[in-house]
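# Per-entry structural report
Chain by chain, the residues run as shown.
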Amino acid sequence: MAPAEPLPEFEPYKVKVVEAIPTPTRAEREAALERAGYNLFNLRSSEVTIDLLTDSGTGAMSDRQWAGLMLGDESYAGSRNFERFEHTIRELTGFPHILPTHQGRAAENLLFSALARPGTVVPNNMHFDTTQAHVTRNGARPVNLAIPEAYDPESEHPFKGNMDVRALDALLRSEGRAKVPLVMMTITNNTGGGQPVSVANLRAVARVCRRYRVPLYLDMCRWAENAYLVREREPGQRHRPIAAIGREFFDRADGATMSAKKDGLVNIGGFLATRDPRLAERLKEMLILYEGFPTYGGLARRDLEAVAIGLIEATDPAYLAHRIGQVRELGRRLEARKVPFLRPVGGHGIYLDVRRFLPHLPTSELPGQALVVELYREGGVRTVEVGSIMFGEGTPEGREPLELVRLAIPRRVYTSSHLAYVAEVVARVYERRASIRGMTMTHRPERLPHFTARFAPKRAPRRARQ
Ligand SMILES: *Cc1c(COP(=O)(O)O)cnc(C)c1O
């Protein structure tokens, strides 16, 4: 007998609560753009049809997480929920000291305020926006050391999150231990397209760090997605559980910052973890000052319960297969319409390749922002520029940043038909790309400009009337 066709795939959950999706008219979208200063961070959610601005804190919690909220023990000190939170993270990561924070950047604030000093250098495979801002705010210099393939949107390298180990070695040799307070590895590399770091690369980076006695920290926001991609792509990893692959990374690091709004599957929360008891003591004093007592750290205790449950759910292979499968499904649909995007498809979103999408617009005309605006104008899809606006007109090494527009897929929120809609919107904008005009920035804030900048469309060049 011929083998039967496999049955169709489907979302591995059913709907328990629904939220209506706004469908503003074209005229309403046009008015909203104008009011927002053409910055989509200024839109009201009621003006957005499909919201792919970020996958951070925008996911749907499970019934078990919602049930966990009802177990909130809102004691100021020594809450049961903190015990479960701390136990879960210790079991997953092996890090002994766990400091809860309200989100990832609060953990970054603690870590970089304690370790970064003027005149020091912080290497990362690729800095994320808030990470870079915390490094520079403390007077240190961020350096991106991703492998060269990471800067080529068309390269199919399976681990474009990897660090250039030789460049790291050279930097540590020339700067010396005293000038480099820590090395960071972002898994997955968000700025570079949600691209994974391999176990082999992390091991090599850790060896170099040990040799120079510089601590290695992970930005572990998407550690489970990274582990899933490692399992698929790295020889010898195929049969290992997600948690075991994650542990390979944690075992070689000295600590980590985490935004639980990603692979913690919650709407708010984060933590900082370290092996260093003296640093933990110092950080706890700051934690109390800025966030809260060390058994809640800026969160309701019930939130800690939801994080503890979410971190485990994020390691479920069926969940991850669907999550990353959704991102790939959107990629396949765009590919069928010849839309250029960063290859290979990463863990949490599709990153449109702006230089190939709008080749007629130079960087000075803010092509990423122009594209973000058109995607909203066409179908109410909200996305974000990850390029020269977010990261300035060059990386610290003088390299031109990637020019991307990110379509981040929230976890467990949208279905296949929503993605089909998004692909159609993007494809229609692509078909009329030649007529898209550039933008100018009318207000430029000093730090993290993309959040609050304002823009205006460039006027059409004046043509002689016939
Ligand atoms: C989201 C994110 C952060 C910051 O976390 P928040 O919870 O948004 O403060 C840091 N690093 C990376 C890679 C991220 O994606």
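Quick notes on the rules
- Residues numbered from 1 in each chain as written.
- Predicted model: local features only at pLDDT ≥ 70, side-chain atom pairs only at ≥ 80, totals over all residues.
- Heavy atoms only, no water.
- Near = heavy atom within 4 Å.
- Polar contact = N/O pair within 3.5 Å; in protein donor to acceptor, adjacent residues only side chain to side chain.
- Helix = DSSP H or I, 4+ residues; strand = E, 2+ residues; numbered from the N terminus.
- Nonpolar A, V, L, I, M, F, W, Y, C, P; charged D, E, K, R; others polar.
- 1 Å grid on protein atoms, 1.4 Å probe; cavity = no way out; pocket = protein on both sides within 12 Å on 5 of 7 lines; lining within 4 Å.
- Points joined across faces, edges and corners; volume = space filled by probe spheres on them.
- Domains from an automatic or database assignment.
- Salt bridge = Lys/Arg side-chain N within 4 Å of Asp/Glu carboxyl O.
- Buried < 20%, exposed > 50% of the residue type's maximum accessible area, 1.4 Å probe, protein only.
- Phe/Tyr/Trp six-rings, centres within 6.5 Å; stacked < 30°, edge-to-face > 60°.
- Core = buried A, V, L, I, M, F, W, Y, C linked by side-chain atoms within 4.5 Å.
- Pairing = 2+ DSSP bridges.
- Right-handed = clockwise from strand over helix to strand, strands pointing away.
- Axes fitted to C-alpha atoms, helices over the stretch in contact; angles between N-to-C directions.
- Parallel < 35°, antiparallel > 145°, perpendicular 65-115°, else oblique.
- Left-handed = near helix turned anticlockwise from the far one by under 90°.
- Contact = heavy atoms within 4.5 Å.

### Regarding the site of the ligand
Around the ligand there are 16 residues in total, and Gln 103, Arg 105, Asp 219, Ser 259 and Lys 262 lie nearest to it. The backbone of Gly 104 places a nitrogen or oxygen atom 2.9 Å from an oxygen atom of the ligand. Residue Arg 105 places a side-chain N or O atom 2.7 Å away from an oxygen atom belonging to the ligand. Those elements giving two or more residues to the shell around the ligand turn out to be α4 (104-115) and α5 (129-137). Looking at the shell around the ligand element by element, the count peaks at three residues for α4. Residue composition of the shell around the ligand, grouped by class: two nonpolar, eight polar and six charged.

### A few points about the layout of surface pockets
Here the largest pocket is characterised by a volume of approximately 1,500 Å³. The wall of the largest pocket is formed by 40 residues, among which Val 17, Gly 59, Ala 60, Arg 412 and Val 413 lie closest to the centre. For the lining of the largest pocket, the secondary structure elements donating two or more residues are α2 (63-69) and α12 (317-336). With three residues, α2 is the largest single contributor of residues to the lining of the largest pocket. Here the lining of the largest pocket is composed, by residue class, of 18 nonpolar, eleven polar and eleven charged. When residues of the lining of the largest pocket are sorted by domain, at least three fall in each of domain 1 (26-58 + 316-456) and domain 2 (63-313).

### Regarding the pattern of salt bridges
Summed over all chains, the structure comprises 40 salt bridges. Arg 203 serves as the salt-bridge partner of Glu 248, at 3.1 Å between the closest nitrogen and oxygen. Remark: Arg 203 occurs in helix α7 (residues 199-211) and Glu 248 occurs in helix α9 (residues 242-251); sequence separation between them is 45 residues. By relative accessible area, which is 13% here, Glu 248 ends up buried. A salt bridge links Glu 403 to Arg 355, with the shortest nitrogen-to-oxygen separation between them at 3.8 Å. Separated by 48 residues along the polypeptide, Glu 403 in the loop between α15 (388-391) and β12 (404-408) and Arg 355 in helix α13 (residues 354-357) bring together distant segments of the chain. According to the relative accessible area criterion, Glu 403 is buried, its value standing at 2%. Taking the relative accessible area as the measure of exposure, Arg 355 reaches 36% and is therefore partly exposed.

### Remarks on the packing of aromatic side chains
If you walk through the whole model with that rule in mind, you get eight aromatic pairs. Residues Tyr 76 and Phe 293 carry aromatic rings whose centres are separated by 5.7 Å and whose planes lie at 40 degrees to one another, so their mutual orientation is tilted. Separated by 217 residues along the polypeptide, Tyr 76 in the loop between α2 and α3 (80-93) and Phe 293 in the loop between α10 (277-290) and α11 (301-313) bring together distant segments of the chain. Exposure remark for Tyr 76: the relative accessible area of 52% places this residue in the exposed category.

### Let's talk about the nonpolar core
Leu 168, Val 183, Leu 218, Trp 223, Phe 249 and Phe 271 are the most contacted members of the largest nonpolar core, which has 59 residues in total. When we break this core down by domain, the ones giving at least three residues each are domain 1 (26-58 + 316-456) and domain 2 (63-313). Ranked by size, the runner-up nonpolar core spans 45 residues in total, among them Tyr 38, Val 327, Leu 366 and Val 422.

### Here's the deal with the pairing of strand β3 (residues 121-124)
Here β3 shows two buried faces, one formed by Val 121 and Pro 123 and the other by Val 122 and Asn 124. Across four bridges, β3 lies against strand β4 (residues 141-144) in parallel orientation. Counted as the bridge partner of Asn 124 is Asn 144 from β4. As for the winding sense of the linkage, the β-α-β connection from β3 through α5 to β4 is right-handed.

### Some remarks on the packing of helix α14 (residues 367-379) against helix α16 (residues 416-431)
Axis separation between α14 and α16 bottoms out at 9 Å; the angle between their running directions is 120 degrees. Judged by the angle between their axes, α14 and α16 are oblique. Both α14 and α16 take part in a crossing whose hand is right-handed. In this structure, α14 contributes Leu 371, Glu 374, Leu 375, Glu 378 and Gly 379 to the contact, and α16 contributes Tyr 421, Val 425, Val 426, Arg 428 and Val 429. Class assignment of the residues belonging to the contact of α14 with α16 gives a composition of six nonpolar, one polar and three charged.

### Here's the deal with the sheet that holds strand β11 (residues 384-386)
The strand order β9-β12-β11 describes an open sheet built from three strands, whose pairing is antiparallel. One side of each edge strand has no neighbouring strand; the edge strands of this open sheet are β9 (349-353) and β11. Averaged over all pairs of adjacent strands, the angle between strand axes in this sheet comes to 35 degrees, irrespective of strand direction. In the sheet, β11 pairs with β12 via three bridges, with the strands oriented antiparallel. Bridged to Glu 385 within β12 is Val 405. Running at roughly 30 degrees to β9, α12 makes contact with β9 and β12 of the sheet.

The values are spatial; any link to function lies outside them.
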